[in-house]
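Examination of the molecular architecture
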Amino acid sequence: MDTIITIKDVSFNYVTGEQISRGVKNVNLEIERGSFVVLLGHNGSGKSTLAKLLNGFLTPTEGEIIVDGINTADESKIFDLRSRVGMVFQNPDNQMVASIIEDDLAFGPENLGVEREEIGRRINWALDIVNMSEHRHRTPTKLSGGQKQRIAIAAVLAMLPNILILDESTAMLDPKGRSEVLETAHKLNKEENMTVILITHYMDEAIDADRIVVMNDGEVILDGAPSEVYQQTDVIRRAGLELPVAARVSEKLIERGYPIKFCLTDKELAEELCQLK
Amino acid sequence: MSRDITLGQYYPVESFAHKLDPRVKLLLVIVYIVGVFLVDSLYAYIVVGAFLITSIIVSRIPFKSVLKSVKGIIFIVIFTAILNLLFHKEGEVLWSFWIIVITKEGVLFSIKMALRLLLLVLGTTLLTYTTTPMSLTDGMESLLSPLKLVKFPVHDVSIIMSIALRFIPILMEEVDKIMMAQKARGASFDNGNLFKRAKALLPVLIPLFVSAFRRADELALALDARCYNATPNRTRYKKLTLSWRDLVATIAFAVYIVLIVAVNNNFWGLY
C-alpha cells in the first residue's frame, strides 16, 4: 500500500484561556494514495479539526502527522504542505478573493511564484475539470452555489495538489449543487488519481467512497468500506448520524422478517423489493 | 438587484477609451484635473469642454449617461456658486441690497467655479465608466509599485482593495436578507423621522457586522490555504501592456495641456 497520509497517535486540544477542550484524541489513520475517503461525524465530532491538522493550520498536541512525506509540524515546509493539500471550505463566497473567476484561480499559483504561461495552462486545465470553462471571464456573483463551489475547487486545483480536502463543502448547497460537487470530486479521484478526503455529516454522500471513517467525540469509532460501516447501524446512530432512507427502510423490513438484503441506495432497495412475492 | 455592483459605474462597450491601459488612464485623468485647476480664463474652459466632449465621443458612452453623474453634485455646484457670488466683494458693483453686494467679477468667478466642479466630475466619471474597478485596482498597484522600495506593502493594499470589491455585492445581498428577516418580525425602516429611521437600522447593522466578522475568519483560512505570502517573489498572471492607443492618448493629452496653457495665457491674442 502506498500511504500518502500517516496519522500516528494524534491528539489535539483547543486551549481557550483556562479551558482545555479536546478536538481529537488518539487518532491513528493511514490513508492510501489515490483513495476516496469520507470522514463522517456530526457537528463537534472533531472531523474538521482533523482536516485542519492535515494541512498545518493546527499542529498536533501529541503524536505526529506525515502528509506526502512532510511532517505537518515542520514550519519551514508549511507552504509546500499547503500547496499539496488543497482545502475547500464550507461557504464558497468566503473563499474567493477576486471578482473575476480567472483572477481568483490565478491567486494560488501567483502566491507560489509560478510562471505566467504555466498559470494560464493550469487555469485552463482546472476550469475544464470542473466544467466551468465558459465562465472564465465572468464574476462569480451570479453563479449558483454548486457552480461557486466548483470554482473554489478549481482555485485549489490550480496549485496542483495531491490531496483534496473538502471540509463540509456540500453542507450549504442544495441537492443539485451537492451532487455537482460530489461528481467533481469523484471525477478527480478517478481521472486524476487525486486522493480525496470528503468531510460531511450526510451519510448518503459516503456510499460511493472507498473507505468511510466515522468520528464521534474526537475519536475514530468506525473505519472501513461503506458496506461494512453501514451495517453498524447502532454505532452510527450513537454517533448522531442519520442512515440513508434505503438503509432505514431495509433495516426495518429485515426486522419484520422480510427476506431482503440490507441496502444502501434507493436503486438497490427497489431491486430487492421487486423480488419480494 | 438588477445592476452588477462589482462593476460599479462601468459602462460595457468596446471603445478606444475602454481599451486604454488603466495606468495610462489614471495618469491622464490626473493631467486632466491639473488642467482644469490650471485655467482661469473662460476661453480656456471652452477648450477643456471641447476636449471632454471629444473624449466622451471616443469612449462611445451616451451623453445622457455621463450627464447623470452630475445629478448627485448639482446641489454642491449651485451652493458653491451662490457662496462665491455673495462673498466676492471687489470689483464693479452690479447690484446691492442691504449687506448683499453682487459684483461683475463675482459673477464671473462663480461661473468659473461651477464649471470647474462640473468638468472635474465629468472627467473622472469618464474614467470609472470606461474602466472596471478590477483593472483600476491593477493599475493602481502597478503605479504604486515603486513604493515597495520604502517597504510600503503595495501588494497587500491591492489584495485588500480587490477583496473589498469582491465582498461589496455579497454584503449588499446580506443587508437585503437581514432587512427582510427583520421586516418579517415586524420591523419598519421607512417610518418616523430621521433619528427614528437611523435607530431602526441598528438591528440590521449588528447582524451584518457579526456575519462580516465570521466571513473574514473563513476568508483568512482560505487565504492561508492558498499559500498567501508563500514567497516574496509573487508572480502576476495578468500583465498590463501598453499599446499604440496609449501613445495616441498621451499625445492627445499633451496637445490638450499645450492648448489650454496657450489659450489661458492668450499666447495668440485671441481675446
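All of the points below concern the structure found in this document.

Definitions and cut-offs
- Residues numbered from 1 in each chain as written.
- Chains lettered and ligands numbered in written order.
- Predicted model: local features only at pLDDT ≥ 70, side-chain atom pairs only at ≥ 80, totals over all residues.
- Heavy atoms only, no water.
- Helix = DSSP H or I, 4+ residues; strand = E, 2+ residues; numbered from the N terminus.
- Rg over C-alpha atoms; globule rule 2.2 N^0.38 Å.
- Buried < 20%, exposed > 50% of the residue type's maximum accessible area, 1.4 Å probe, protein only.
- Contact = heavy atoms within 4.5 Å.
- Buried area = accessible area lost by both parts, 1.4 Å probe.
- Salt bridge = Lys/Arg side-chain N within 4 Å of Asp/Glu carboxyl O.
- Polar contact = N/O pair within 3.5 Å; in protein donor to acceptor, adjacent residues only side chain to side chain.
- Pairing = 2+ DSSP bridges.
- Axes fitted to C-alpha atoms, helices over the stretch in contact; angles between N-to-C directions.

Describing the overall build of chain A
Scanning chain A from N- to C-terminus turns up 10 helices and 10 strands. Relative to the compact-globule value of 19 Å for 277 residues, chain A shows a C-alpha radius of gyration of 20 Å, a close match. On the principal axes, the C-alpha backbone points of chain A span a range of 65 × 50 × 40 Å. Counting only residues that meet the buried cut, chain A has 58% of its 277 residues in that class. Long-range contacts, defined as pairs at least 24 residues apart, comprise 64% of the intrachain contacts of chain A with a sequence gap of at least 6.

Topic: the interface of chain B and chain A
Tallying the contact residues gives 32 residues for chain B and 42 residues for chain A. Taking both sides of the interface into account, the surface hidden between chain B and chain A amounts to around 3,400 Å²; carbon and sulfur atoms contribute 54%. Among the residues of chain B in contact with chain A, R166(B), R226(B) and Y237(B) are the three that bury the most area, contributing 28% of the side total. The interface formed by chain B and chain A contains 5 salt bridges. Between R234(B) and E110(A) there is a salt bridge; the shortest N-O distance is 2.9 Å. Counting across the interface, chain B meets chain A through 17 residue pairs in polar contact (both at pLDDT 80 or more).

Regarding the pairing of strand β2 (residues 100-103) of chain B
Residue and element names in this part refer to chain B. Looking at chain direction, strand β1 (residues 93-97) and β2 are connected through 4 bridges and run antiparallel. Counted as the bridge partner of W95 is I102 from β2. The turn linking β1 back onto β2 is made up of 2 residues, and W98 within it adopts a positive phi angle of 55°.

Quick look at the sheet that holds strand β5 (residues 70-71) of chain A
All names here are of chain A. Taken together, the 4 strands give an open sheet; going across it, the order is β2-β1-β4-β5, and neighbouring strands pair in antiparallel fashion. Each having just a single partner strand, β2 (19-32) and β5 make up the two edges of the open sheet. As paired elements, strand β4 (residues 62-67) and β5 share 2 bridges and run antiparallel to each other. Residue pairing across strands places V67 opposite I70, the latter belonging to β5. Sheet strands in contact with helix α1 (residues 47-54) are β1 (3-16), β2 and β4, and its direction is about 115° off that of β1.

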